[in-house]
Each structure stands twice: as C-alpha cells, then as structure tokens.
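Below are the chains, spelled out letter by letter.
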Amino acid sequence: MPNWVKNTVALKGTKQQMTKLFSQVADVKTWEDVENKIDNLELTMRSFLPMPQTFLDWDTTNDMEKFEWFCEGKNQPKEELRKEYEKYVRGYMAAREHQRDTYGCVGWYDYNCKTLGCKWDANLENIAIIDELEKDDIVIVYFSVETAWSRPIPFLQHLATFVNVVVLSDEEANFFNSIIDINNEVEVKDIAQDINKLYKKFEEENKEVDEDEWFDKYEVAETTLKNELEDEFYQYVIDLEIS
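Treat the numbers as computed from the prediction; the structure is a model and nothing was measured.

## Regarding the packing of helix H9 (residues 192-205) against helix H10 (residues 215-239)
Argument step 1. In contact at an axis separation of 10 Å, H9 and H10 are set at 160° when each is read in the N-to-C sense. Relative to H10, H9 is oriented roughly antiparallel. You can see that H9 and H10 cross each other, and the crossing is right-handed. Counted together, Asp194, Ile195, Leu198, Tyr199 and Phe202 of H9 and Phe215, Lys217, Tyr218, Ala221, Glu222, Leu225 and Lys226 of H10 form the full contact between these two elements.
Argument step 2. Considering only residue class, the contact of H9 with H10 consists of 8 nonpolar, no polar and 4 charged.

Structure (structure tokens):
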C-alpha cells in the first residue's frame, strides 16, 4: 500500500481566467456557465491532461508477454498463435520506440510520474467556489485530491498556466506537511520536522510507559499543528496577489 498524500488545492484568478481553465473539461463560455455546471462535473487530473492513446493501447510499463502467457485461453493452432505473437512483439517494440521518441518516456507509469507527478490518476473531490472577495472579478476554487506517495506538482504546474495555484499537502507518514505556491515556486512552509520533533519529545518524556498510554495526547498535539498550517494556507490564498 502506498503512503497517501492529501492535497487541498486552491485556484485563484479572474473569472475570465477560471472560465478558460474549465473550458478544457466542460462546455463553458462564461463564469456563470462554470458556476452552473461545476457541481455536476466528474473530474480527475487526467480530465485536464488526457493520457495519449498509445499508453492505453500498449502496456509497455510491464515486460512484454512471454509466448506461453500470450497463448493462455486461446485455441488456435500453434503456428497461427506464433504469427499472432510475432505481430504482438513488433507492435510492442514499435510502441516503446514511439513513446520514447514522442513523449520522452516509456509506459503509463513513467508518463503519469512525468505529467502528473504520481503513479495513478485521481479524482478531484470537494470542489467549492469562493467568489465573495473584495475584488469582484477575483474568484477562488478549492478542491481536494489524494495521490500516492508524492504531490502532483506537474499537474498543478499545468493548472498554473491558467490561474494561480497553491497546495496544502499532508503526507500520512509526515515526510512532508507543506504549503507550496506553485506559480512563484515557493515552499511557503513545511512542518514535517516540527511534527517529528513533537513525536520524539513525547517519546522521550514517556519512555518509561507504553506508547498506547501517551499516543492519543500526541495525536491531539499533532492535529493542532496541522490545523494551524491549514489556517495559514487559507489566509495565504486570501492574501495572494494574482499574477
């Protein structure tokens, strides 16, 4: 099982910029169209960055099938299967070459890591619009996306070509717990070290007792740190001047 990363993403821009972004994934021409349709959109990261067909047609991430595996469940004569297999081998090798030459990587796994920043595609959840800001033309759209092992930075960089993007990422093993401003390429804050120090402090102060007796108190303290980071994230987004 992977370590999961909970990402809360803020998109901030003008209504025109936001409409242009969502026109990639829906038939929208105005901000009012976006407002009316956004609740019914079923979006994934790949909605904005579609997977090229070659990676869907050919699983070049995994090794080429052996002849014995290729024949399983097939009843044709061996010679006919051999010809089919040779055709499959030529197609597999041609697909690898095409993927490498065209996209700079081979297989869906490498392509996902390159263009999304993580192993798998993921749903965009909890989409919410905030448009009651001091500047009438500026809006914020929030969503959450859970990714495996890493933050989806290349995906967010794609969104950042349309609007300003800020992400709050919480990795479940606390390797990172951070706010990143994608457009300005700034890690605003990371509290992973603070959380690790907090755990060691509790461990040291309670080394004579079983972890079960103090871990609940540690979790409360950890949650407090994460809630403070979350508050800073939302305030950072509100204060952010769009580019």
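## Observations regarding unusual backbone geometry
Argument step 1. The phi dihedral of Asn126 falls on the positive side, at around 55°, and the residue is not glycine.
Argument step 2. With respect to the helices and strands, the residue Asn126 is situated in strand E2 (residues 125-130).
Argument step 3. We note that Trp149 has phi near 75°; this positive angle belongs to a residue other than glycine.
Argument step 4. One can find Trp149 in the loop between strand E3 (138-148) and helix H8 (153-159).

## A closer look at the pairing of strand E6 (residues 186-190)
It is a general feature of regular strands that their side chains alternate between the two faces of the sheet.
Argument step 1. Where strand E5 (residues 177-181) meets E6, 4 bridges bridge the pair, whose relative direction is antiparallel. Bridge assignment links Ser178 to a residue of E6, and that residue is Asp190.
Argument step 2. As consecutive antiparallel partners, E5 and E6 are separated by 4 residues, and within that stretch Glu185 has a phi angle of approximately 55°, a positive value.

Thresholds applied
- Residues numbered from 1 in each chain as written.
- Predicted model: local features only at pLDDT ≥ 70, side-chain atom pairs only at ≥ 80, totals over all residues.
- Heavy atoms only, no water.
- Axes fitted to C-alpha atoms, helices over the stretch in contact; angles between N-to-C directions.
- Helix = DSSP H or I, 4+ residues; strand = E, 2+ residues; numbered from the N terminus.
- Parallel < 35°, antiparallel > 145°, perpendicular 65-115°, else oblique.
- Left-handed = near helix turned anticlockwise from the far one by under 90°.
- Contact = heavy atoms within 4.5 Å.
- Nonpolar A, V, L, I, M, F, W, Y, C, P; charged D, E, K, R; others polar.
- Pairing = 2+ DSSP bridges.

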